[in-house]
Amino acid sequence: MVGELWGCGLWSLKFLIMIEYIDGKIGELEPTLAVLECAGVGYGINITLMDYAKLQQLNQVKLYVHESIREDAHELYGFMTKQSRELFRQLIGVSGVGPNTARLILSSMTEDQLIDAIANDKPAALKSVKGIGGKTAQRIIVDLKDKIKATDIALISSTPVVGEAFDDAAAALTMLGFNPQASRTALKKLFTENPALTTEKAIKLALTML
């Protein structure tokens, strides 16, 4: 069984106690749940609405997993990038922010928007998320501002306005195994020079830069 799981891209430590990612065929897909088929097993994984939009275009995907283990439940949360999972983990480390609230935030804001709101002290952006009040928004900023990497802040400050082609190209490059941040940096340069790039053309050009 362990060999089968390794073969389908499910990597773990300590006899499958910790799951790093699951790579499998999308068996079922709902706005908040993806079922990935791996070695004959269907794993129900909670997802964000942001990732749901991207998953609709795929048949197979690798999701980076966070396990939430309680006395009454063992739940999996999956993300298309490691950065998104790291933001999720940072959010649930804030007092009063649970996994479902963190997922709601990442369903309502892009990674860049969330980093920008935290790094540049914008509680109003967080309050725009349903269920997030002023105190919680401020607590998130206070607790996480120092944890946001300087490289992420610099990336936000130079982010051009881009659209669906950029997002699709970034997701595709990540699926191909390229570093998400390096991919987005390359794409931002390309789209700054030519905002009319198609997804396919952007991917081809980015591959020459990575």
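Predicted, not measured: the structure shown is a model, and the values here were computed from it. (Residues numbered from 1 in each chain as written. Predicted model: local features only at pLDDT ≥ 70, side-chain atom pairs only at ≥ 80, totals over all residues. Heavy atoms only, no water.)

**Some thoughts on the overall build of the chain**
Inference 1: Looking only at helices and strands, one finds 11 helices and 6 strands in the chain.
Inference 2: Expressed as a percentage of its 210 residues, the buried residues of the chain come to 42%.
Inference 3: For the chain, long-range pairs separated by at least 24 residues make up 50% of all intrachain contacts whose partners lie at least 6 apart in sequence.
Inference 4: When the accessible surface of the chain is summed, it comes to about 11200 Å², and 54% of that surface belongs to carbon and sulfur atoms. (Helix = DSSP H or I, 4+ residues; strand = E, 2+ residues; numbered from the N terminus. Buried < 20%, exposed > 50% of the residue type's maximum accessible area, 1.4 Å probe, protein only. Contact = heavy atoms within 4.5 Å. Areas by Shrake-Rupley, 256 points an atom, 1.4 Å probe, with all protein chains shown as cover.)

**Re helix α10 (residues 180-193)**
Inference 1: Taking 1.5 Å per residue as the helical rise, α10 with its 14 residues ought to reach 20 Å, and the 20 Å between its terminal C-alpha atoms agrees with that figure.
Inference 2: Considered for burial, the residues of α10 that qualify are S183, R184, A186, L187, K188, L190 and F191.
Inference 3: Its side-chain oxygen at 2.9 Å from the backbone nitrogen of A182, N179 defines the N-terminal cap of α10. (Expected span 1.5 Å × (residues − 1). Polar contact = N/O pair within 3.5 Å; in protein donor to acceptor, adjacent residues only side chain to side chain.)

**Quick word on the nonpolar core**
Inference 1: L91, I105, L106, M109, L114, L126 and I140 are the most contacted members of the largest nonpolar core, which totals 24 residues.
Inference 2: Among the elements of the structure, β6 (74-79), α3 (82-92), α4 (99-108), α5 (111-119) and α7 (134-144) are those that each provide at least two residues to this core.
Inference 3: Sorting elements by how many residues they give to this core places α5 first, with 5 residues.
Inference 4: With near-sequence residues (within four places) excluded, L126 lies in contact with I105, M109, L114, A117, I132, A137, I140 and I141.
Inference 5: Ranked by size, the runner-up nonpolar core spans 16 residues in total, among them I26, A34, I45 and L55. (Core = buried A, V, L, I, M, F, W, Y, C linked by side-chain atoms within 4.5 Å.)

**Concerning the pattern of salt bridges**
Inference 1: Per the counting criterion, the structure on display carries 4 salt bridges.
Inference 2: Because the salt bridges share partners, they merge into one network encompassing D112, R184 and K188. (Salt bridge = Lys/Arg side-chain N within 4 Å of Asp/Glu carboxyl O.)

**What to know about the packing of aromatic side chains**
Inference 1: Counted by the stated rule, this structure contains 4 aromatic pairs.
Inference 2: Ring geometry for F79 against F88: centres 4.9 Å apart, planes inclined by 45°, an arrangement best described as tilted. Pair check on accessibility: F79 and F88 agree, each one buried.
Inference 3: With a centroid separation of 5.7 Å and 75° between ring planes, the pair formed by F166 and F191 is classed as edge-to-face. On the criterion of sequence distance, the pair formed by F166 in helix α9 (residues 164-175) and F191 in helix α10 is long-range, its members being 25 residues apart. The pair F166 / F191 is uniform in exposure class, with both members buried.
Inference 4: Linked through ring pairs, Y77, F79 and F88 together constitute an aromatic cluster.
Inference 5: Directly above the ring of Y21 sits K62, whose terminal nitrogen or CZ lies 4.4 Å from the centroid. (Phe/Tyr/Trp six-rings, centres within 6.5 Å; stacked < 30°, edge-to-face > 60°. Lys NZ or Arg CZ within 6 Å of the ring centre and 35° of its normal.)

**What to know about unusual backbone geometry**
Inference 1: Even without being a glycine, A39 presents a positive backbone phi close to 55°.
Inference 2: Locating A39 in the fold gives a position in the loop between β3 (33-38) and β4 (41-46).
Inference 3: Here A39 falls in the partly exposed class, since its relative accessible area comes to 35%.

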